Structures are given as C-alpha cells and as structure tokens.
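Take a look at the letters that make up each chain.
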Amino acid sequence: MTAQSILLVDDDENLRWVVQTQLEDAGYSVKTAGSAEEALTIVGNQPPALVLTDLRMPGLSGIELLRQLRESHPDLPVVIVTAFGTIQNAVEAVKSGAYDYLTKPIDFEELNLLVRRALEHSRLVEEVRTLRTNLDRKYGFESIIGQSETLLTVLDMASRAAQTNSTILIRAETGTGKELLARAIHQNSPRKERAFVTINCGAIPRDLLESELFGHVKGSFTGAVSHQQGKVELASGGTLFLDEIGELPMEVQAKLLRLIQQGEIEKVGAAAVSRVDVRIIAATHRNLQAMIEDAAFREDLYYRLAVIPLELPPLRERAEDIPELVQSFFLKSKEKVGRPDLILPGRLIPFFQSYRWPGNIRELENIVERIVVLSRGNTITEEDLPEMIRKARPAAAAVSLDLPAQGLSLDSVEKELIVKALEMSNWNQTHAARYLDISRKTLIYRMEKHGIRRKGSDAGPAERS
Ligand SMILES: Nc1ncnc2c1ncn2[C@@H]1O[C@H](COP(=O)(O)OP(=O)(O)OP(=O)(O)O)[C@@H](O)[C@H]1O
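The structure reproduced in this document is the subject of the present report. (Residues numbered from 1 in each chain as written. Predicted model: local features only at pLDDT ≥ 70, side-chain atom pairs only at ≥ 80, totals over all residues.)

Focus: the site of the ligand
- In the vicinity of the ligand there are 16 residues, among which Ile145, Thr174, Gly177, Lys178 and Glu179 approach most closely.
- Elements with a contribution of two residues or more to the shell around the ligand: helix H7 (178-187) and helix H15 (360-374).
- A breakdown of the residues in the shell around the ligand according to their chemical character gives 5 nonpolar, 6 polar and 5 charged. (Near = placed C-beta within 6 Å. Helix = DSSP H or I, 4+ residues; strand = E, 2+ residues; numbered from the N terminus. Nonpolar A, V, L, I, M, F, W, Y, C, P; charged D, E, K, R; others polar.)

Quick look at the structure:
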C-alpha cells in the first residue's frame, strides 16, 4: 500500500462501501476488512498509513484490534468509528492509544478532516524519528570512528556510564575527541531530549567565568546590566560539559563542588541559592593529580568529578584507526570541497600512520582537508602530502637498533618484527602489511615461513583479515 492508504474495518458491508467510495473520491487508496481478524492479516502483510475501525464486530472487537495493533505497529494511527450509544467505549479507546473517534452516522466532512489530521500526525512522527536517527548517527557513539582495542574499551565504559547520572571525567590530549565522546554519552543517556551545554573553562577570562557558569543578577558588577542565566541553568535537566576543567580558578571550584554535592547554585550577586539538576561531564588534557599536589586543584572536587574516569588514547597509540579515519575525512572533504573524483591511493596511508599527530584527530581532519583542497591532479601523490607527513615515513623506519655484540639471527628478528606489526594492527593483515611496506601476499608468505599465528586462533597463518 502507498503512504496514503487506509484500511477500513467494519462488519456492515453497506457502510464499508459508502465510506470507501467517499475516501477514494478524496484521493486515498482504500482496503476493507469485514472483521478484526481479517484486518490483522492485511496489516501484517502490508501496513496501511491509517486504520479506521468499527468498535462492535463479531469475533474480535475494535478495542481488541486496537490493542493488538498498538503492540505490533505502535505508530500506526487508529481512528475508531462508533455508534452514538457507545461513545464511552470510544473515549476508552482513545485513552488506550486510538488517535481519535468518529460517531455514526458519519459526517463525511468530519471524516475527511480527521483522516487528513491523523495522516499528517503520523508523517510528523516519522519525520521526527528520521531526524532523531540522523542525530544519533551524528552525535551518538556511531559518530566515533575507530576499532582499536583501547578506543573500544573506553566506548564500552562510556556507553554503560551513559545510562546513569554519575559524573564523568575524560582525560586526553587535545583533539582526541573529548567533546565528541561527551556528546555521545549525552545522546545515549535518559537526558538526550534536554540540552547539552558546553563551556570551555580555558577560553573565558577568569573573572567572567563564575558569572558565565552560574549567571548573575542585574547590577551585581559593572556591566551586569540585566539578569543573566548561567550555563548551568541552561543545561537544566540535561548535560553540562566542562571542557578544560583544569583551568577553573580555585574559588569557582568551590562553587562547582557545591553544585555536584548539593545540586545548588548561587548566582553572582544573588541573595538566595537555587536548585538545578544537571549531569556533569568534565574533560582535561592536564594531570589533575599533579595539580592537586601543587595545590592548584581541589582534591575533593577531583574525586567528585572522577566517579567514572575515561582516558581517550592519543592517535599515535591507535595507528590502526588511522586508515578508517583518513578515509572518512577524505570522503567528507571531497564532498565539502566539491571534488568527488579525487582518489587517495592506499599506498599513501602508511605515511599517515607514521606521523605522530601531536594535534591528534583534529589535526588529521584538517590535514586531509588541506590535501583535498590543494592537490593538483585527480590522484593524490606523495608530493601532495604536507612535508611533515612525507618526512614521517623515513622517521618511522629509523627503529633504534642496539645490535648485540654476540650476533643475532636475522630470521628471528624478522619474525619478531612481523609479530609486533601484527599486534600493533590488531592482527589485521592488510594494515600490518601496509605498515611494513610489503604486499599482503608477502606478509602471508612470511607468516607461513615463520609459523606465525595469532594466539588462541585455530586458523592458519594465511587467515583472512
Ligand atoms: N574517533 C573520531 N571519529 C571521528 N571524528 C573524530 C573522532 N575523534 C575526534 N573527531 C573529530 O576531531 C575533531 C576534534 O574533536 P573534539 O573537539 O571532540 O576533540 P577535543 O578532544 O574535545 O578537543 P580539545 O582538546 O581541543 O577540546 C572534531 O571535528 C571531531 O569531530
């Protein structure tokens, strides 16, 4: 059935015919059923956009049909048609989830209006669902690219913590995806319908930070010309993401502690406190424990924040995630810049894997875009890579080799190198071969030669990756 199809359920054949004609004249495609049982079969085969059903029928009643449809097709709108004497039942049906009801004899203008309204409503429900799915894809855990074990461990902890209200402290270098992770946690929490508010404690002048966080009342300081809500209040019912928490001045730390412990805030210049319900996720690239020793961070606040500590690994420690990240940013940049035919050959990926990425994923994202914008031909070449990346490849080969005086076996060194490369690539042969700058076939040949196989794996060395 098309989106605008209606299923009409009534045991009165004459009435079915009249209503069907009316609805078809109005442009809908209509199927009919003489009983609830028949209706259930039709819906099971091809769900319509709307069900219009009588209440009293032999066999299953309209209410029972409604109940079963609620379970199997919760978004399918059901409109009840009822005889005047049974309005009370129709009201009950609406309470049980029917979209609305009509009384017999049917006023066809009213019928048309109601059908249009019900279909519009279900279109909106569908649209919101699509929007929400897109939002999940954009901000949920799905948006975080990477399969490395270190990353997956963090994501596993994060997804479990997301369901709770516990405070989370994310520690990681700059550009590793702290905010992305915080958003994903919010998006997977019961608070997802409410606000996600970010404040970068390092980016706001120290003397304005308190008012920015907690708000102020008019006249509380020069420039406070009106009352202003703080970020904490804006995040009410939702999540507050405090980035660069290590930059929070001591006096503001005390106020934050009060918010976490008692759920109370005091606006700058206000006489009374107010209560707020927020979930706090904090992040920092600094070592807060060292700051505690230097008396620059409150120990009690630290323990309140780090109920769930999460550590995002820097990109250089998860080189196996780099190919997928490069690929994803490459596709995104091609689209953004309007160069859909551009090709990035796989043999260039090891360059990206050998560079140390001090700015982590943000740096990688920006560099890929730069390459896409500046590359001359349709295929990216080594010359199109920024100099520091081109240089990275030889640097990676500069393994420090302390050769033992008594000599060594070249074979066992080769074996050890191959095992290390495989372990680093999480036993993905394609990635390991790329890292060693050999073909996958050569890698498999050498794995066979040295009898290398993954511990706990029954498959032979040439297992596919
Ligand atoms: N695993 C990932 N998958 C896809 N994109 C990522 C990933 N991690 C980070 N990014 C992207 O990298 C950029 C930087 O991420 P984000 O702002 O979350 O990092 P951050 O650690 O909060 O940075 P800062 O320390 O500067 O606050 C963003 O564009 C983000 O979308």
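Structure shown, so let's carry the discussion forward.
Thoughts on the nonpolar core
- Counting 39 residues, the largest nonpolar core has Ile170, Leu181, Ile185, Val232, Leu242, Ile281 and Ala282 as its most contacted members.
- Each residue touching leucine 242, except ones within four places of it in the same chain, is listed here: Ile199, Cys201, Ile280 and Ala282.
- By size, the runner-up hydrophobic cluster in this structure holds 33 residues, among which are Ala33, Ala39, Ala90 and Leu114. (Core = buried A, V, L, I, M, F, W, Y, C linked by C-beta atoms within 7 Å. Buried ≥ 20, exposed ≤ 12 C-beta atoms within 10 Å, placed from the backbone. Contact = placed C-beta atoms within 7 Å.)

Some words on the environment of valine 154
- Positionally, valine 154 belongs in helix H6 (residues 149-162).
- Taking the C-alpha atoms as reference, valine 154 lies 9.6 Å from proline 309; in sequence the two are 155 residues apart.
- Once you skip the residues sitting within four places of it in the chain, valine 154 turns out to touch Leu310, Glu311 and Leu312.

Section: helix H8 (residues 206-214)
- Residues of H8 that are buried include every one of Glu210, Ser211, Leu213 and Phe214, and no others. In a view along the axis of H8, the buried residues occupy a sector of 165 degrees, so they form one face of it. (Arc of directions from axis to C-beta.)

Quick notes on the environment of aspartate 54
- Position of aspartate 54 among the secondary structure elements: in strand S3 (residues 50-54).
- For the pair aspartate 54 and leucine 102, spaced 48 residues apart in the sequence, the C-alpha separation amounts to 9.6 Å.
- Once residues lying within four places of it in the same chain are set aside, the contact partners of aspartate 54 are Val9, Asp10, Asp11, Gly62 and Val81.

Comments concerning the sheet that holds strand S14 (residues 308-311)
- In space, the 5 strands of this open sheet follow the order S7-S10-S13-S6-S14, with parallel pairing throughout. Taken across any chain shown, the strands that pair with only one partner, and hence form the sheet edges, are strand S7 (196-200) and S14. Each neighbouring strand pair of the sheet contributes to a mean axis angle of 20 degrees, computed without reference to strand direction.
- Note that strand S6 (residues 168-171) and S14 share 4 bridges and pair parallel. Residue pairing for S14: isoleucine 168 is matched across the bridge by isoleucine 308. (Pairing = 2+ DSSP bridges. Axes fitted to C-alpha atoms, helices over the stretch in contact; angles between N-to-C directions.)

A short note on the packing of H6 against H7
- Between H6 and H7, the least distance of the axes is 8 Å, while the angle of their chain directions is 40 degrees. Considering the angle they form, H6 stands oblique to H7. Like other packed secondary-structure pairs, H6 and H7 cross with a definite hand, here right-handed. Here H6 contributes Ala158, Ala161 and Ala162 to the contact with H7, which in turn contributes Leu181, Ala184 and Ile185.
- Tallied by class, residues from the contact of H6 with H7 come to 6 nonpolar, no polar and no charged. (Parallel < 35°, antiparallel > 145°, perpendicular 65-115°, else oblique. Left-handed = near helix turned anticlockwise from the far one by under 90°.)

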